[in-house]
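Chain by chain, the residues:
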Amino acid sequence: MHFNLEMRDQQAKKEKKLLEYIHTLGIQKEEVLVFGDSENDISMFNVFPHSVWVNNRQGHILRAQYEARPCYEDGVYHFLNDYFK
């Protein structure tokens with residue numbers, strides 16, 4: 001997808017890199033929807049007001065604005081389908 005940015009490094013400061021990236025595109029953080037499923041995504045959830053925790057049932061619960069079903073249930077697809085109705 002041309003609008004998807006994937007960051008996987010466990011040590012990455014995702015919120016900082018994403019803020020830098022969207023700044024170069026002239027996009028505000030209020031215009032971004034972030035998804036995450038692990039503790040290294042918490043920093044994004046704290047910075048970006050539109051955040052989605054993909055509940056892959058890995059034993060930890062993350063605080064985000066929204067919750068999506070697990071990936072194995074096509075959670076992101078279903079979330080986006082419902083979100084944009």
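Note that the structure is a prediction, hence the values are computed from the model and not measured. (Residues numbered from 1 in each chain as written. Predicted model: local features only at pLDDT ≥ 70, side-chain atom pairs only at ≥ 80, totals over all residues. Heavy atoms only, no water.)

1. Considerations on the overall build of the protein chain
In step 1: Helices and strands together make up the secondary structure of the protein chain, namely three helices and three strands.
In step 2: Counting from the amino terminus, the protein chain carries its helices and strands in the arrangement α-β-α-β-β-α.
In step 3: Burial analysis of the protein chain (85 residues in total) assigns 28% to the buried set.
In step 4: Long-range pairs, those at least 24 residues apart, make up 23% of the contacts in the protein chain between residues at least 6 apart in sequence. (Helix = DSSP H or I, 4+ residues; strand = E, 2+ residues; numbered from the N terminus. Buried < 20%, exposed > 50% of the residue type's maximum accessible area, 1.4 Å probe, protein only. Contact = heavy atoms within 4.5 Å.)

2. Section: the sheet that holds strand β1 (residues 33-36)
In step 1: Strand order in the open sheet made by the three strands is β1-β2-β3, with parallel pairing throughout. This sheet does not close on itself; its edge strands, each paired only once, are β1 and β3 (66-68). Across the sheet, the mean angle separating the axes of adjacent strands is 25 degrees when strand polarity is ignored.
In step 2: Helix-sheet contacts for helix α3 (residues 75-83) involve β1, β2 (50-54) and β3, and the interaxial angle to β1 is about 155 degrees. (Pairing = 2+ DSSP bridges. Axes fitted to C-alpha atoms, helices over the stretch in contact; angles between N-to-C directions.)

3. Topic: the pairing of β2
In step 1: Taking burial as the measure, the five residues of β2 include four buried ones, the bulk of the element.
In step 2: In the classification by handedness, the crossover that spans β1, the intervening helix α2 (residues 42-47) and the parallel β2 is right-handed.
In step 3: Bridging between β2 and β3 involves three bridges; their strand directions are parallel. In the strand pairing of β3, Trp-53 is matched with Glu-67. (Right-handed = clockwise from strand over helix to strand, strands pointing away.)

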